[in-house]
Amino acid sequence: MNKSTLLRASTAAFLGAWSAYAFALDPLSYAKYDQVKTTALHLDLKADFAKKSLDGYAELTLDWLDKKATTLDLDTRELTISKIEAQDAKGAWRKADYSLGKFDEEKGQPLHVKLPDQQKKVRIHYRTAPTATALQWLQPVQTMSGKHPFMFSQSQAINARSWVPIQDTPAVRFTYSARIEAPQGLRVVMSADNDMKATGKGGWKFNMPQPIPSYLLAIGIGELEARTLGGRTGVYAEPQRIKAAEYELADTEKMVEAAEKLYGPYRWGRYDMLVLPPSFPIGGMENPRLTFLTPTMIAGDRSLVDLIAHELAHSWSGNLVTNASWKHWWLNEGFTTYVTTRILEEIYGKEVALMNLQLEQEEALEMLKDLPPAKQALVSRQPDTSAEYYPDTSLAYPKGAWFLHTLEQRAGRAAFDTFLRGWFDGHAFQSVTNDQFLDYLRKNLLAKNPKIMSEAELDEWIYGPGIPQSGQRAVSQRLAQLNASIDGWIKGTVSTDQLKARDWNAAEWMKFLNDIDNKADAKKLAELDRAYGLANTRNNEVAFRFYRASVHAGYRAVRPQLEAFLMSVGRQKFVVPLYAALREKPDDRAWAEGIYKKARERYHPETQSSVDKAMGKQ
């Protein structure tokens, strides 16, 4: 889930001629997929770390929908095309004419392939640029061993076009296969079937039999080891991290089973995970068969496994049933956030799930304070030429989940589970829109019991700002007990020792630190640090919140640990707010600029751009 890109990358599209609905084509894609769509992709590429490029060809299998069309329009960004061939009726490959259109800063360049007939296969020979927005090429110093380079992709939302010439829109789904050559000593993994016993002799080979959209194309190349976690689950990580990753992810098989119990069979074969180097900019990316994970979720005590539950949940909401365009983003992330809570409840019990849900809702309400009302809808009614067309993608997670929890509370869990499983089963391997979901909701839930939600309230949830007053807030008794301690500690009537926080779990610490932020002074933060060693915690969610509160309080004794954190963590969720907080005071700003000068090269390009903005450099 790349939120920073998705703030720019919202669209209004769907399945054109083969849908029961009529929609405009995706404005962030040059593809005319109402005329022709890709049904299969084969990649044959060689990774060159010296040149920071992938070089080879992409072969597209096509389904022509418009019998008069003979031009294939694809999305590209900074690709160098050497030649294009089309396969004739006898199987021979013949040169095809092509041209590249004008470059657009956001969309890249259209690639127009003019064909003499409606050929079923086209082969494009190309190489990627060192600056490909989807690919990050790491130097050995940026890895744990310091011995080998590393490369990984992040295709979401519209960056797949920077490493594959493709119809880069979630409205088009295709199967794929690949053969990838890489330097000796490095393993290649992809969002496909990864053979843990493969050696790479003759190239690393992959096959993805289920149709996926382009944003779920993923590749990683590096010094990796593999561990089996269960009958269909496993993890890849750098050798120095594999043992910790294996321990942290031990419950993954149980999570798959819990999700299946709720929402039907896992349809993707295996569920493996890749723990990436620290520069990975987001928490996780739900690439099918191979979730990409940030190492910041490794806390040593399995306290942050809700991230795994979230990425696994995408195997139903997002990967199996996909938003047809980024305008309908909440259908991916709102649903997945709801399903995550249900998985956590199945594995760890109701109270743990409730604590996470309460934190999620509280942080959603905080988000609203900084968002203009026009950005607070789940789906905008504005035309795609309007600045208000793009709702806030971060809010879509908790607000979408809150809406679904509200439906569950009123319909009853049993009825809502049946309804939601039917949605996943009935739309499996399809790309869908908000209107389709609302039609399904009305016919399969609200028609049976109109009292669940009125049309006026439904409209308020989907198209209105904020959280409707009818939205019931989650209340965890354990977190509720913290409120008195928090108020007393801030006022000084409860001492730091009286907090009795040694038995708190991660959710309790996160709530406490959220609530004292901008309220506690440096002396109070120092007391807290001395008592509980928060500056040195291994839990990155807790550490981030403590560092943020320390910056706001002026507790500068934490600077050595904060510097180490900013130098070793590249997750945007953490580093961007910390740099923004450090910019508020002149002394902090000067110190932060010195840190950023050293740390910037270690960050992903998306993170660099976000921090540049936070530091006022854009």
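Since this is a predicted model, take the numbers as computed values, not measurements.

About the cut-offs
- Residues numbered from 1 in each chain as written.
- Predicted model: local features only at pLDDT ≥ 70, side-chain atom pairs only at ≥ 80, totals over all residues.
- Heavy atoms only, no water.
- Core = buried A, V, L, I, M, F, W, Y, C linked by side-chain atoms within 4.5 Å.
- Buried < 20%, exposed > 50% of the residue type's maximum accessible area, 1.4 Å probe, protein only.
- Helix = DSSP H or I, 4+ residues; strand = E, 2+ residues; numbered from the N terminus.
- Contact = heavy atoms within 4.5 Å.
- UniProt positions renumbered as here; feature names shortened; annotations may be inferred.
- Pairing = 2+ DSSP bridges.
- Axes fitted to C-alpha atoms, helices over the stretch in contact; angles between N-to-C directions.
- Salt bridge = Lys/Arg side-chain N within 4 Å of Asp/Glu carboxyl O.
- Polar contact = N/O pair within 3.5 Å; in protein donor to acceptor, adjacent residues only side chain to side chain.
- Expected span 1.5 Å × (residues − 1).

Trainee: So, the nonpolar core: which residues are in play, and what are the values?
Mentor: Ranked by size, the top nonpolar core spans 142 residues in total, and within it W330, F403 and F437 carry the most contacts. Here this core takes 8 residues from helix α7 (residues 393–411), the largest share from any one element. What F437 contacts, discounting residues up to four positions off in sequence, is W330, L331, F335, F403, L404, F419 and W423. If you look at the next biggest cluster of nonpolar residues, it comprises 56 residues, including A520, L562, A592 and Y596.

Trainee: Report on the UniProt feature "binding site: Zn(2+)" (unreviewed entry) in the protein, specifying residues and quantitative values.
Mentor: Mapped onto the present numbering, the UniProt feature "binding site: Zn(2+)" (unreviewed entry) falls at H310, H314 and E333. Across 24 residues in sequence, these annotated residues keep their C-alpha atoms within 9.1 Å of one another, forming a single compact spot. With respect to the helices, strands and loops of the structure, H310 is situated in helix α4 (residues 306–313). Residue H310 is classed as buried on the basis of its relative accessible area, which comes to 9%. Following the sequence through the fold, E333 ends up in helix α5 (residues 330–348).

Trainee: Residue-level account of the sheet that holds strand β2 (residues 53–64), with values.
Mentor: With mixed pairing, the 7 strands of this open sheet are ordered in space as β5-β4-β8-β2-β1-β11-β13. Bordering the open sheet on either side are β5 (93–95) and β13 (204–213), each of which pairs with just one other strand. Averaged over all neighbouring strand pairs, the angle between strand axes comes to 20°, with direction disregarded. Here strand β1 (residues 36–48) runs beside β2; their pairing, made up of 12 bridges, is antiparallel. What sits directly across from L43, in β2, is A58.

Trainee: Let's hear about the pattern of salt bridges: which residues, and what values?
Mentor: Counted by the stated rule, this structure contains 40 salt bridges. Here R571 and E541 are joined by a salt bridge, their closest N and O atoms 3.9 Å apart. Here R571, found in the loop between α15 (559–568) and α16 (572–582), pairs with E541, found in helix α14 (residues 540–553); they are 30 residues apart in sequence, far enough to count as distant. The exposure class of R571 is buried, given its relative accessible area of 8%.

Trainee: Describe the sheet that holds strand β19 (residues 290–293), and please don't skip the residues or the numbers.
Mentor: The sheet built from 5 strands is open, its strands ordered β15-β16-β17-β19-β18 with mixed pairing. Among the strands making up the open sheet, the edge pair consists of β15 (225–228) and β18 (284–285). Across 2 bridges, β18 lies against β19 in antiparallel orientation. Of the residues in β19, the one forming a bridge with G284 is L293.

Trainee: Kindly report on the UniProt feature "binding site: a peptide" (unreviewed entry) in the protein, identifying the contributing residues and their values.
Mentor: Under the feature "binding site: a peptide" (unreviewed entry), the UniProt entry names Q154, S155, Q156, P281, I282, G283, G284, M285, E286, R571, Q572 and K573. In this structure, Q154 sits in the loop between β10 (150–153) and β11 (173–181). Topologically, E286 is positioned in the loop between β18 and β19. You can call E286 buried: its relative accessible area is 1%.

Trainee: Which residues make up the environment of R227, and what are the values?
Mentor: Residue placement: R227 occurs in strand β15. Residue class for R227 comes out partly exposed when judged on its relative accessible area of 29%. Residues R227 and I242, spaced 15 residues apart in sequence, show a C-alpha to C-alpha distance of 7.5 Å. Ignoring sequence-local partners within four residues, the contact set of R227 consists of M196, G234, V235, I242 and E246. Among the polar contacts made by the side chain of R227, one reaches the side chain of E225 at a distance of 3.4 Å.

Trainee: Could you give an account of the side chain of E457, with specific residues and numbers?
Mentor: Take E457: it is sitting in helix α10 (residues 455–463). In this structure, E457 is in contact with R410 and S470, ignoring residues within four places of it in sequence.

Trainee: An account of helix α3 (residues 252–263) is requested, with residue identities and associated values reported.
Mentor: Taking 1.5 Å per residue as the helical rise, α3 with its 12 residues ought to reach 16 Å, and the 16 Å between its terminal C-alpha atoms agrees with that figure. Buried within α3 are the following residues: T252, E253, M255, V256, A258, A259, L262 and Y263. Residues of α3 that are buried make contact with β16 (233–237), β17 (271–275), α4, α5 and α8 (413–426). Backbone geometry just downstream of α3 places G264 in the positive-phi region, at approximately 100°.

Trainee: I'd like a description of helix α11 (residues 477–491), backed by residues and values.
Mentor: For the α-helix, the turn length of 3.6 residues means that residues three or four positions removed from each other point alike. A rise of 1.5 Å per residue sets the reference length of α11, with its 15 residues, at 21 Å; its end C-alpha atoms lie 22 Å apart and thus fit the reference within 8%. For α11, every residue scored as buried is listed here: L479, L482, S485, I486, G488 and W489. Each element contacted by the buried residues of α11 is listed here: α6 (350–368), α12 (506–516) and α13 (522–532).

Trainee: Tell me about unusual backbone geometry, and please be specific about residues and values.
Mentor: The step from Q156 to A157 runs through a cis peptide bond, and the omega angle for that step is 10°. Relative to the helices and strands, A157 resides in the loop between β10 and β11. If you check the backbone angles, K52 has positive phi at about 55° while not being a glycine. Here K52 shows up in the loop between β1 and β2. Its identity as a non-glycine residue notwithstanding, R289 has a phi of 70°, on the positive side. Within the secondary structure, R289 sits in the loop between β18 and β19.

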